[in-house]
Amino acid sequence: MAKGFDSSKVNVHVADGFKFMEEHIQYYDVIITDSSDPIGPAVSLFQRSYFELMKRALRSGGIVCSQADTFWGHLKNVTSMYNHCKKVFGKAAYATSYVSTYPAGQIGFVLGSLDKNTDFSNPLHMMNNQQRKDLKLRYYTSDIHKMAFVLPGFVKDALDDTAENDL
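As named in an unreviewed UniProt entry, the chain is PABS domain-containing protein, taken from Aphis gossypii. The chain has a UniProt comment under Sequence similarities (unreviewed entry) that states "Belongs to the spermidine/spermine synthase family."

Written as structure tokens, this is what we have:
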């Protein structure tokens, strides 16, 4: 699951994410935040001000991906984060994945892009099964990527309602 950590392109920072973003301007192409839940010290990582800091830390065309809670029982958190991301980046999406160790077995992510033409739901590089095996990817496939953006009706409605209320 964590094959990307072996890449020389990856730098993992375990730190106060809010403070870390304050210290970096137009520095990153991609920012991935895997935070704890939105309680206690991590609350700031789920607020609009954090998305603004990430935007400032990105280079032109950059993207962000942030843990965004489960829609089972926490739909309000999901829509709030999606709303923050959409307001700051203009281009935003919510994706979902199965994680058996997470409550309800599902976790979501909000994604934002500085490029208004970004299509999060379609992989940039389609890989065949042999390429996937060569990369030793056990879970990820191009189909899994696309399916992450297929949401239950009640989630889609909540995100659509959030976006419409911002107009």
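Draft legend 1. Here's a closer look at the nonpolar core. Of all hydrophobic cores here, the largest spans 29 residues; its most connected members are Met 21, Ile 31, Phe 51, Tyr 94 and Val 110. Among the secondary structure elements, those contributing two or more residues to this core are α1 (17–22), β1 (28–33), α2 (48–57), β2 (58–67), α3 (71–89), β3 (91–98) and α6 (153–165). Here this core gets seven residues from one element, more than from any other, and that element is α3. Setting aside chain neighbours within four positions, we find Met 21 in contact with Tyr 28, Ile 31, Tyr 50, Leu 53, Met 54, Arg 56 and Ala 57.

Draft legend 2. Highlighting unusual backbone geometry. Despite not being glycine, Gln 26 has its phi angle at roughly 45°, a positive value. Assessed through its relative accessible area of 58%, Gln 26 is described here as exposed. Residue Ala 104 is not a glycine yet carries a positive backbone phi of 75°.

Draft legend 3. View of the UniProt feature "active site" (unreviewed entry) in the chain. Here the UniProt-annotated "active site" (unreviewed entry) positions come out as Asp 34. Tracing the chain through its elements places Asp 34 in the loop between β1 and α2. Take Asp 34: its relative accessible area is 69%, and that puts it in the exposed class.

Draft legend 4. Here's a closer look at α2. Within the span of α2, buried status applies to Tyr 50, Phe 51, Leu 53, Met 54 and Ala 57. One side of α2 carries all its buried residues, which in axial view fall inside an arc of 160°.

Draft legend 5. Spotlight on the packing of aromatic side chains. Summed over all chains, the structure comprises six aromatic pairs. The interplanar angle of 70° and the centroid separation of 6.5 Å between the aromatic rings of Tyr 50 and Phe 51 together place this pair among those described as edge-to-face. Taken together, a centroid distance of 5.7 Å and an interplanar angle of 85° make the contact between Phe 71 and Phe 154 edge-to-face. Separated by 83 residues along the polypeptide, Phe 71 in helix α3 and Phe 154 in helix α6 bring together distant segments of the chain. The exposure class of Phe 71 is buried, given its relative accessible area of 5%. Taken together, the ring pairs connect Phe 71, Trp 72, Tyr 94 and Phe 154 into an aromatic cluster.

Draft legend 6. Structural view of the side chain of Ser 66. Position of Ser 66 relative to the elements: it lies in strand β2. Excluding residues within four positions of it along the chain, Ser 66 makes contact with Thr 33, Tyr 50, Phe 51, Met 54, Met 81, Gly 108, Phe 109 and Val 110.

Draft legend 7. Structural detail: the layout of surface pockets. Its boundaries defined by the atoms lining it, the second largest pocket holds a volume of some 280 Å³. Lining the second largest pocket are 13 residues, and of these Tyr 82, Ala 92, Ala 93, Tyr 94 and Phe 149 lie nearest its centre. Of all the elements in the fold, those that place two or more residues in the lining of the second largest pocket are β3 and α6. With four residues, the top contributor of residues to the lining of the second largest pocket is β3. Along the lines of polarity and charge, the residues of the lining of the second largest pocket split into eight nonpolar, one polar and four charged.

Cut-offs applied
- Residues numbered from 1 in each chain as written.
- Predicted model: local features only at pLDDT ≥ 70, side-chain atom pairs only at ≥ 80, totals over all residues.
- Heavy atoms only, no water.
- UniProt positions renumbered as here; feature names shortened; annotations may be inferred.
- Core = buried A, V, L, I, M, F, W, Y, C linked by side-chain atoms within 4.5 Å.
- Buried < 20%, exposed > 50% of the residue type's maximum accessible area, 1.4 Å probe, protein only.
- Helix = DSSP H or I, 4+ residues; strand = E, 2+ residues; numbered from the N terminus.
- Contact = heavy atoms within 4.5 Å.
- Arc of directions from axis to C-beta.
- Phe/Tyr/Trp six-rings, centres within 6.5 Å; stacked < 30°, edge-to-face > 60°.
- 1 Å grid on protein atoms, 1.4 Å probe; cavity = no way out; pocket = protein on both sides within 12 Å on 5 of 7 lines; lining within 4 Å.
- Points joined across faces, edges and corners; volume = space filled by probe spheres on them.
- Nonpolar A, V, L, I, M, F, W, Y, C, P; charged D, E, K, R; others polar.

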